[in-house]
Amino acid sequence: MQSQNSTEASAFTYRFRMRKLMEKKMAVTQEKIDREGGMDEGDYGRHVAPEGFRWDFIPNHADGSFYGYMGWAVNFESLLASQPVYVNPYDALAGQTFFYLSKMKSPQLTEEDIRARRTPGVVGHIWNPDFDYSHLKPFHRKYHIVHGIGNDAHYASDLQMGLELGWGGILDKLHRFQKQHGRDKALFYECEIRTVHAIQHWIRRTIDEIDRRLEAEADPDLRANLEAMREVNAWIVEQPPRTLREACQWLAWFVLAKRTYNRCGAGGQLDELLRPYYERDLKEGRIDDDEAVFTIACLLLIDAQYYQLAGPGSDGQDMTSRISHLILDAAELMDGPCNLTIRVHDGLDQALFRRGVELLFKYRKGWPRFSGDQALVDGFMRCGYSKELARKRIAVGCNWMSLPGLEYTLNDVVKINLAKVFEVALDDLYQSGDTHSIDSLWAHFIEHLQIAAEKTADGNDFHLRHQAHNEPELVTNLLCHGPVEKGLDMTAGGAQYYNLAIDGAGIAVVADSFAAIQQRVVEQGALTWKDLRWYLENDFPGSEGEQVRLLLHNSERYGQDSGNRAEQWAVKVSRAFSKAVRDQNQRYPDYNFIPGLFSWANTLEFGDAVGATPNGRRAHEPVNHGANPLPGFRDDGAVTAMVNAIAAVQPGYGNTAPVQLELDPNIADSPEAVAKIQALIQTMFDLGCTLLNINLIDEERILEAHKDPSKFPDLVVRVTGFTSYFSMLSPRFRQLIVDRILSRRGTL
Amino acid sequence: MNGLVTDIQRFSLHDGPGIRTTVFCKGCNMRCAWCHNPETINRRPQLQFFESRCIQCGNCKEDCDTASASAEDVFTDSTGKRRHYRGNCQARALVKVGRRLSAEDVLREAEQDRAFYDRSGGGVTLSGGEASLQHGFVRETLTLLRERGIHTAIETNLTAPRDQLKYLLPELDLVIFDIKCIDAALHREWTGVGNERILDNAHWLAGQGKPFIVRTPIIPGFNDDEASIGAVADFIKDFANLSYYELLAFNPLGADKYRCLGMNYRLKDAPLISREKLQCLADVAGQRGIEVRTA
């Protein structure tokens, strides 16, 4: 035990150690930028392998890539055995990710290929070509559907199970069920067992590295830490953890393994996972709060997994405990990107809530986030689940919730571009010879929305029928309830529930477009249907075009005023989208399709695919963020107006339509102001909102960083549901954030 | 009765308790040199021209009709160009400031944020300009709000005749007023109005049992010294229903508005008040035993 206060005078304090670790992280981040350029996704803490390191995957298919159980098991095994191991003598925990196997399958990928893989409707390089879905591709292109076929992870494992079993226990369980099944499941068990052995071998190689460090290390403090690190790892390579440090190290290995395998970032209810270990250590005098905080900070630093804090347990009682507060302390000590979500409900510990808000504004790095228990629980229960189960569905992803170990979800990877559906509908109306009317346009929209939802659901079904032969979930299967018992991959019948997420993107573009047509064309006659078509097809050319564009742009807008034309359309679009998604349950009774409204970082790609729209949006401009109104929706940008609008369009089945807020950090500059922000958050959840991501825009700093990102390597922004170093984002994505700032200032 | 309003701002965090909606009434009887809401001074609708938004469409071009147009509909920009407001500026570069709204209109907008008021202890603040100049409309609005259980506040310069204050007070849950300085001559020099009635009204208000907040904008060269703030604090320290005293640091954010209105801004080059100085002045006031906040 090392007391923070008592050792502050000496060099080896927890704060000093964390500073050393953060210096290393900053250096790694800069190295990533220098060697790999920007990327528009979360910063998970991955390190870069030394220059010159080379690992080639082992293909098992004629196309030169690898697929299926054996393909993945062999390559995972090979990668873990070859990649560098990471030990830092200042760290409480060992290990780090260097690679994502799922991104290494096609090393010949060009920048263009990588962009294409993110582009909705475009076939990626990750799918096993033996399974052809060319019958769906025309629809994916037509409606710009992010189909999710071949996508991985995006659901949560039951980390509690791992902590209870340990690697040895998991192996025992695999062997036990292997014996109960016949030859037909032999491949599954062999590959799962090899996966566990590969992870254990990785841990043992790390222990060897610790030994090498110990031979050379003269500093007594660092030696003592390395010895403790060795002891922890030597125990947990087989046995379930007993102490907080062992538990954190065990979680770290599992997190790193699944991240290395396929970038899975779903964590769990971190306070409840760690509470028994902390309480036992404390009772038996093994630990003090300073050490607990440092150990947890190392876990947060090792990988920015999504963790939930607090919220009601299955009995409805708030789960806040002492360690919930310590986890916030740890995030504060670490002071880097992290993804903690506090679940807000009536019984929430107010001190934790308040602290969360204070920290959000103090550090301005987008953590913690807040989720709304009531709407999430009520919505999920509307799918036919119990309240107890609904409460267990926790925030462990960018915009999403998951039942740890129980459900397969395809969260956040399946999306329909509603703006594209609208464009197809409008074009159809013009081509059809039908009377040009708003009712007729709506009928065309509904018709195409229904087709888009059907084809998306068909894609999900196709994915589930073949994904195990493409990319089985060998790591996360281990901590789910079903796969090991049944000998089936999570994608192939192993899961207890198949709650498949389908998100809609671009709702504000669609709602504002309907409203603009209603107001300017139908009611005011300021523009004819024919003129509208011409201006859209020609992207509002010249000065006259700009006047028409502004006329449309200044129509009533979603988020501007409760109950105005645009908001009525937004509600109508949301209801129609939910219905179209829920209708798929009739076609696929084994699945439960759940609608959400979220665009992730695809606002650019979704916008790229859509020409000029009747809301005065020029061709290829981005669509709105998630369920947010478009920038400039009100002159005062009133948050309350935005919240009312987003609350009104919640799909209502337990998946989210997040509120993405960008606030001036100075608005919470006093205790009274913090209380007001708390009230704001509580109210938005009272109104039915599901998730809140707040980005505190230190505007001047971001504008300066945009000019020269290298000057601000530690500037963290919350992009959508995830946090990222601003400097790690691609120039185009940085521009999007800058444009939002300029829009708020009325200078764009 | 209709009122003339420049703006209704929702999610206001600095105009009273909780999350509030602030209604900016148009028209003011003071001419404060630092005013950062110059569009609220004139008691009539007026034009504002945002040059950066202009797309040169020509819709406001001067023509033969311009000479006979109402003065309210013609704006002379910084280059001397006369722009004729015809209500068809799609770019919203040439806009008319000041909408005629009924109390019901205000209520309708305010009620949209009721849930936020309820959670935060917020409500609606009538501000300006000087709200009491439109006392009929203000009273009607306050009455409607209170009938719906919405907390009401007014931000006033307290120059209104006593009868008008008496007329409004029963419908108010909170009064927020400025004491800009105690020295009457200085007050007149910087605001165009003496402070005798203000101080008298303040004394009267203090005896009415209504909670109130006193504010002082800290303006460079006017009252940004310990003696000025100490004098205000001395004046209010024994008021029974004083919730707190708030010092508001000068901000130059109104400069652009003056330009868009074609007005001169006397304080455009004035320095900002440093955080340290603001705290120092707050400490001076706090020594009188009153709660002091800064913003």
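Computed from a predicted structure; not experimentally measured.

**Student:** Explain the overall build of chain B to me, please; I cannot follow it from the model alone.
**Tutor:** Counting its secondary structure elements, chain B contains 9 helices and 13 strands. In terms of C-alpha radius of gyration, chain B reaches 20 Å, essentially the compact-globule figure of 19 Å for 295 residues. In terms of overall dimensions, chain B has C-alpha extents of about 65 × 45 × 35 Å along its principal axes. Across the 295 residues of chain B, 54% fall into the buried class. Nonlocal contacts in chain B, meaning residues at least 24 apart in sequence, comprise 71% of its contacts between residues at least 6 apart. Summed over its atoms, the accessible surface of chain B is roughly 12,800 Å², and 47% of this surface lies on carbon and sulfur atoms. Between the mean site of the 38 positive side-chain charges and the mean site of the 39 negative ones, chain B shows a separation of 4 Å.

**Student:** Would you mind showing me how to read the nonpolar core here?
**Tutor:** In globular proteins that are soluble, nonpolar side chains generally tend to be buried together. Counting 212 residues, the largest nonpolar core has A:M18, A:W167, A:F370, A:F445, A:F514, A:Y558 and A:L661 as the members making the most contacts within it. Setting aside residues up to four positions removed in sequence, A:F445 forms contacts with A:L418, A:V421, A:F422, A:A425, A:V510, A:F514 and A:V573. In this structure, B:I8, B:W34, B:C35 and B:I273 belong to the second largest nonpolar core, which totals 69 residues.

**Student:** Would you take a moment to explain unusual backbone geometry for this structure?
**Tutor:** Most peptide bonds take the trans configuration, and most residues that are not glycine carry a negative phi. In this structure, A:P368 follows A:W367 across a cis peptide bond, with omega equal to -5 degrees. Within the secondary structure, A:P368 sits in the loop between α12 (350–363) and β5 (369–372). Omega for the peptide link from B:G128 to B:G129 comes to 15 degrees, which places this bond in the cis form. With respect to the helices and strands, the residue B:G129 is situated in the loop between β8 (123–127) and α3 (135–147).

**Student:** What exactly am I supposed to notice about the interface of chain A and chain B here?
**Tutor:** Counting from both sides, the interface comprises 31 residues of chain A and, opposite them, 25 residues of chain B. When the buried surface of chain A facing chain B is broken down by residue, A:Q547, A:T640 and A:K676 rank first, second and third, together holding 24% of it. Taken together, the links from chain A to chain B amount to 6 salt bridges. One salt bridge in this structure joins A:D635 and B:R92, with 3.4 Å as the shortest N-O distance. At the boundary of chain A and chain B, one finds 15 residue pairs in polar contact (both at pLDDT 80 or more). Elements that contribute at least two residues to the side of chain A that touches chain B include exactly α20 (542–553), α24 (639–648) and α25 (671–686) of chain A.

**Student:** Explanation requested: the environment of A:S157 in the structure shown.
**Tutor:** Residues and elements named next belong to chain A. With respect to the element layout, S157 can be found in the loop between β1 (145–146) and α5 (159–180). With a relative accessible area of 2%, S157 lands in the buried category. Separated by 318 residues in the primary sequence, S157 and V475 have C-alpha atoms spaced 9.3 Å apart. Discounting residues that sit within four places of it in the chain, S157 has contacts with F254, G267, P404, G405, T476, L479 and C480.

**Student:** I tried to follow the sheet that holds strand β1 (residues 2–12) of chain B on my own but got confused; where do I start?
**Tutor:** In sheet architecture, strand pairing relies on hydrogen bonds along the backbone and comes in two forms, parallel and antiparallel. Residue and element names in this part refer to chain B. Reading across from one edge, β7-β1-β2-β8-β9-β10-β11-β12-β13 is the order of the 9 strands in this open sheet, with mixed pairing throughout. A strand with exactly one partner marks an edge of an open sheet, and here the two such strands are β7 (99–102) and β13 (292–294). Adjacent strand axes in the sheet meet at a mean angle of 30 degrees when their direction is disregarded.

**Student:** How should the packing of helix α7 (residues 226–236) of chain B against helix α9 (residues 275–286) of chain B be read in this particular structure?
**Tutor:** Two numbers describe a pair of packed helices, the interaxial angle and the distance between the axes. Residues and elements named next belong to chain B. Relative orientation of the contacting elements α7 and α9 amounts to 35 degrees, with a least axis distance of 8 Å. Like other packed secondary-structure pairs, α7 and α9 cross with a definite hand, here right-handed. Within the contact between the two elements, α7 uses E226, I229, G230 and A233 and α9 uses C280, L281, V284 and A285. A per-class count over the contact of α7 with α9 returns 6 nonpolar, 1 polar and 1 charged.

**Student:** Would you explain the side chain of A:R582 in this entry?
**Tutor:** Residue and element names in this part refer to chain A. Tracing the chain through its elements places R582 in helix α21 (residues 565–582). One buried charged residue, R582, forms no salt bridge at all, with the nearest opposite charge on D583 at 7.9 Å. If we ignore the near neighbours within four places in the chain, the residues touching R582 are R382, C383, N592, F593, I594, P595 and Y653.

**Student:** What should I look at first to understand the confidence of the model for chain A in this one?
**Tutor:** In low-pLDDT regions, the fine details of the predicted coordinates are not to be read closely. Residues and elements named next belong to chain A. Counting all residues, the mean pLDDT for chain A is 91, and 91% of those residues have values of 70 or more. Low pLDDT, under 50, characterises residues 3–9; the stretch is placed with 10 contacts to residues that sit more than four places away or in other chains. Low pLDDT, under 50, characterises residues 117–124; the predicted model gives this stretch 24 contacts beyond four residues in sequence or across chains.

**Student:** In this structure, what is going on with the sheet that holds β5(A)? I would like to understand it.
**Tutor:** Residues and elements named next belong to chain A. Overall, mixed pairing links the 6 strands, which are arranged β2-β3-β4-β5-β13-β12 in an open sheet. The open sheet has two edge strands with one neighbour each: β2 (266–269) and β12 (659–663). Averaged over all neighbouring strand pairs, the angle between strand axes comes to 25 degrees, with direction disregarded. Bridge analysis of β2 against strand β3 (residues 306–309) gives 2 bridges, and the strand direction is parallel. The residue of β3 that forms the bridge with Q269 is Q308.

**Student:** How should I be thinking about the environment of A:R582 in this particular structure?
**Tutor:** Residue and element names in this part refer to chain A. R582 gets classed as buried once you look at its relative accessible area, which sits at 15%. Along the sequence, R582 and I502 sit 80 residues apart, while their C-alpha atoms lie 9.7 Å from each other. Here N592 takes part through its side chain, which lies 2.7 Å from a polar atom of the side chain of R582.

**Student:** In this structure, what is going on with the side chain of B:T21? I would like to understand it.
**Tutor:** Within the fold, B:T21 resides in strand β2 (residues 20–25). Within polar-contact distance, the side chain of B:T21 engages the side chain of B:Y117 at 2.6 Å.

**Student:** Would you explain the pattern of salt bridges in this entry?
**Tutor:** When their charged atoms lie close together, side chains carrying opposite charge are able to pair. Residue and element names in this part refer to chain A. Enumeration according to the criterion identifies 63 salt bridges over all chains in this entry. Among the ionic pairs, R549 bridges to E546, the shortest N-O distance being 2.9 Å. With a gap of 3 residues between them, R549 and E546 both fall in helix α20, about one helical turn apart. Of the two residues, R549 and E546, both sit in the buried class. For R565, the salt bridge identified is with E556, shortest N-O distance 2.7 Å. Take R565: its relative accessible area is 21%, and that puts it in the partly exposed class. Of the residues examined, E556 reaches a relative accessible area of 22% and is grouped as partly exposed.

Calculation criteria
Residues numbered from 1 in each chain as written. Chains lettered and ligands numbered in written order. Predicted model: local features only at pLDDT ≥ 70, side-chain atom pairs only at ≥ 80, totals over all residues. Heavy atoms only, no water. Helix = DSSP H or I, 4+ residues; strand = E, 2+ residues; numbered from the N terminus. Rg over C-alpha atoms; globule rule 2.2 N^0.38 Å. Buried < 20%, exposed > 50% of the residue type's maximum accessible area, 1.4 Å probe, protein only. Contact = heavy atoms within 4.5 Å. Areas by Shrake-Rupley, 256 points an atom, 1.4 Å probe, with all protein chains shown as cover. Lys, Arg positive; Asp, Glu negative; His and termini not counted. Charge placed at Lys NZ, Arg CZ, Asp CG, Glu CD. Core = buried A, V, L, I, M, F, W, Y, C linked by side-chain atoms within 4.5 Å. Buried area = accessible area lost by both parts, 1.4 Å probe. Salt bridge = Lys/Arg side-chain N within 4 Å of Asp/Glu carboxyl O. Polar contact = N/O pair within 3.5 Å; in protein donor to acceptor, adjacent residues only side chain to side chain. Pairing = 2+ DSSP bridges. Axes fitted to C-alpha atoms, helices over the stretch in contact; angles between N-to-C directions. Left-handed = near helix turned anticlockwise from the far one by under 90°. Nonpolar A, V, L, I, M, F, W, Y, C, P; charged D, E, K, R; others polar. pLDDT = per-residue confidence, 0-100.

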